[in-house]
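Remarks on the overall topology
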Amino acid sequence: AEPEAAGGRGADGAVLRWCITGALCASFLGLGMSIAVLGPTFPNLAANVGKNVSDMYYIFVGRSLGFLGGSVVGGVLFDCMNATLLLALSMLGTTAGLYVIPWCKAALLLTVLMSVIGGSMGILDTGANVLILNTWGSESGPHLQALHFSFAAGAFLAPILAKMALGGSESEELAGAEKTNQSVLKSVPTASAASTTPAPKDHQDGDFLWSYIIIGTYILFTSIFLFALYSKSSSVRDNSNASAQKGGLAKYHWPLVSLLFVFFLFYVGAEVTYGSYVFTYATVFAEMTEGEAAALNSVFWGAFAVCRGAAILGAAFLSPATMIVISLVCSAASSSALAFFAHYRALLWVGTAVYGASMATVFPSGISWIEQYTVVEGKTASLFVVGGALGEMCIPAAVGYLQGRFHHIPVITYATFVTSIMTVLLFPVMYKLANAPQENELKEVSDSETRRALLRHSRLTEDEEDEEDVREWNDADFEVIEMNDKLTNSLTDTSSRIPEDSPAEVSLQPHVDHVLGDPPVVAGGSPGRQNGNVDWEKSE
């Protein structure tokens, strides 16, 4: 697709495309803050509804289900209505939920609000990726990287904002906010951490609401800007029109989408699992202090954020496939080091940093990569987001269960190794399917080969006919030459044996003259004698 797919042509179209990209990056910044703010304010929410922290797990379930539902519904709606309008409405829903949450006193109402916010986030996560693709087409790589870097920046800012609002909360509360991912819900505290979290002080009950109000106000302004862009919808095309310009689907479109769904499930699950359990692994198996474990956790997410920012420039020079291959190789190498050589302290630190860096670019690069081979519409993008969300929910839960059953085995590091191997095996299969030729391409190739074969056959036939004609003419020439030589030799032998004025000469001469084609000219003498003299002179 051309860059004008969602922005018109000329200078106005270029300005509008950059405005759309800026609004989407601002929206993802708010998305990151909205997800990450729950971690440090979770004890305050529990106290606000009169529940223990350990009994509040269901609000995460409600938000996760809302996120999945929003991704699916958003994927359908994006193919039916204006994308900018739908994103603006979803941002309004997030703003409303953030404004109401601090005053919510009922656990059930809080769960419903979390589900609404999760649904709005799912719509935004699905639609922003599709709108970037429709806006920039083949040039969308750097812009997708910038979009997801904005999410990481928002997740980084939210704990700082919450700490300022709470007037300096405990570092343990802030640690949970780092458990974030680029496209799905994070910050689910473990059961052990939740059960030991102290209740907040009474004077902090009203302080934490300011973090929600500030984030909600920021998202409100972003929503207003999206409505302003929608007012210029005369130059912004619908997704259906933009998709129509991209061409047809890949030959194996749905198998390719299904494999990428599984690919994102393993990738996101691995990222969230390591980011969520690395602190526990460091303290239990690596025997680190809590300060060292927190630093190791920060190294993982810091490398993740830095490489996501660097990928904005890298995507301008490297193809999506190249970036994915580099990420997969680094992921496999670092996960191998973590699984089998983590008892070396230096390898644990280096492996954690490399593993976090390798996770940074896979999701946006994967979307950019598949867009080169097939049409990515709302429903397709929603499958990618749902795959990542399922991985975020299922794989950490499975790892936690297995770790509880096998206390002396570092399940987390083996899980990172297994998921890395799965992604390494899946990508070559997807690449093979993506590059399979279309049926019309095969037909064109077949027709072209047939035409070339016919042309070669025609040229060979003409050459063979020409050679046959040449051989026939050469044979005829040789026959004439041989006949003339025989007649000339015969005439010469006969003339040498016959004496002059012999009667045989007179009888032989008319026959020779007829063969040689010389007419018997008679001039003042006997024809036989005259011609005989001429032939004798020739023979001499």
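Report follows, based on the coordinates. Everything quoted here is computed from the prediction, not taken from an experiment. (Residues numbered from 1 in each chain as written. Predicted model: local features only at pLDDT ≥ 70, side-chain atom pairs only at ≥ 80, totals over all residues. Heavy atoms only, no water.)

1. Examining the overall build of the protein
The following threshold applies: Strands are runs of DSSP state E lasting at least two residues, helices are runs of H or I lasting at least four, and both sets are numbered from the N terminus onward. Burial status follows relative accessibility: with a 1.4 Å probe on protein chains alone, a residue under 20% of its type maximum counts as buried, one over 50% as exposed, and anything between as partly exposed. In what follows, a contact means two residues having at least one pair of non-hydrogen atoms within 4.5 Å. Each accessible area is a Shrake-Rupley result for a 1.4 Å probe, and residues are judged covered by the shown protein chains and nothing else.
A tally of helices and strands in the protein yields 20 helices and zero strands. Taking all 540 residues of the protein together, 48% fall into the buried category. Sequence separation of at least 24 residues holds for 83% of the intrachain contacts in the protein that already meet a minimum separation of 6. Surface exposure of the protein reaches about 25400 Å², of which carbon and sulfur atoms provide 64%.

2. Here we look at helix H9 (residues 209–230)
Put simply, the test is: What a helix should span is 1.5 Å times the count of its residues minus one.
Taking 1.5 Å of rise per residue, the 22 residues of H9 would be expected to cover 32 Å, and the 31 Å separating its terminal C-alpha atoms lies within 8% of that figure. Buried within H9 are the following residues: Leu209, Ser211, Tyr212, Ile213, Ile215, Gly216, Ile219, Thr222, Ser223, Leu226 and Leu229.

3. Let's talk about the packing of aromatic side chains
How we decide: Side-chain rings of Phe, Tyr and Trp, where Trp is taken by its six-membered ring, are said to pair if the distance between their centres is within 6.5 Å; with planes under 30 degrees apart they count as stacked, over 60 as edge-to-face, and otherwise as tilted.
Counted under the stated rule, the structure contains 16 aromatic pairs. Geometrically, the ring pair formed by Phe264 and Phe384 is edge-to-face, given 5.7 Å between the ring centres and 75° between the ring planes. Here Phe264 is found in helix H11 (residues 253–284), whereas its partner Phe384 is found in helix H16 (residues 378–405), with 120 residues between them in sequence. The exposure class of Phe264 is buried, given its relative accessible area of 0%. With 6.2 Å between their ring centres and 65° between their planes, Phe340 and Tyr414 make a pair best called edge-to-face. Here Phe340 is found in helix H13 (residues 320–340), whereas its partner Tyr414 is found in helix H17 (residues 411–434), with 74 residues between them in sequence.

4. Quick notes on the environment of Trp301
If you trace the backbone, Trp301 turns up in helix H12 (residues 290–314). Look at Trp301 and you get buried, because its relative accessible area is 10%. In this structure the C-alpha to C-alpha distance between Trp301 and Tyr355, which are 54 residues apart in sequence, comes to 9.8 Å.

5. As for the nonpolar core
Our working rule: The term nonpolar core refers to a set of buried residues drawn from Ala, Val, Leu, Ile, Met, Phe, Trp, Tyr and Cys, joined through side-chain atoms within 4.5 Å.
Grouped together as the largest cluster of nonpolar side chains are 105 residues, with contacts concentrated most on Leu110, Phe263, Leu348 and Trp369. Among the elements that make up this core, the one with the highest residue count is H11 (14 residues). Once residues lying within four places of it in the same chain are set aside, the contact partners of Leu110 are Leu45, Val49, Met56, Ile59, Ile101 and Cys104.

6. Describing helix H5 (residues 107–136)
Along its 30 residues, H5 runs 43 Å from first to last C-alpha, staying within 8% of the 44 Å computed at 1.5 Å per residue. Where H5 terminates, the next one or two residues include Gly137, which has phi positive at roughly 60°.

7. Let's talk about the packing of helix H4 (residues 83–100) against H9
Heads up, the rule is: A fitted line through C-alpha atoms represents every axis, and for helices the fit uses only the stretch in contact; the resulting angles, taken between N-to-C directions, go from 0 to 180 degrees. Note on terminology: angles under 35 degrees are roughly parallel, angles over 145 are roughly antiparallel, angles of 65 to 115 are roughly perpendicular, and the others are oblique. In a left-handed crossing the near helix is turned counterclockwise from the far helix by less than a right angle, and in a right-handed crossing that turn is clockwise.
Contact geometry of H4 with H9 gives a least axis separation of 8 Å together with a crossing angle of 160°. The pairing of H4 with H9 is recorded here as roughly antiparallel in orientation. Viewed along their axes, H4 and H9 form a crossing whose handedness is left-handed.

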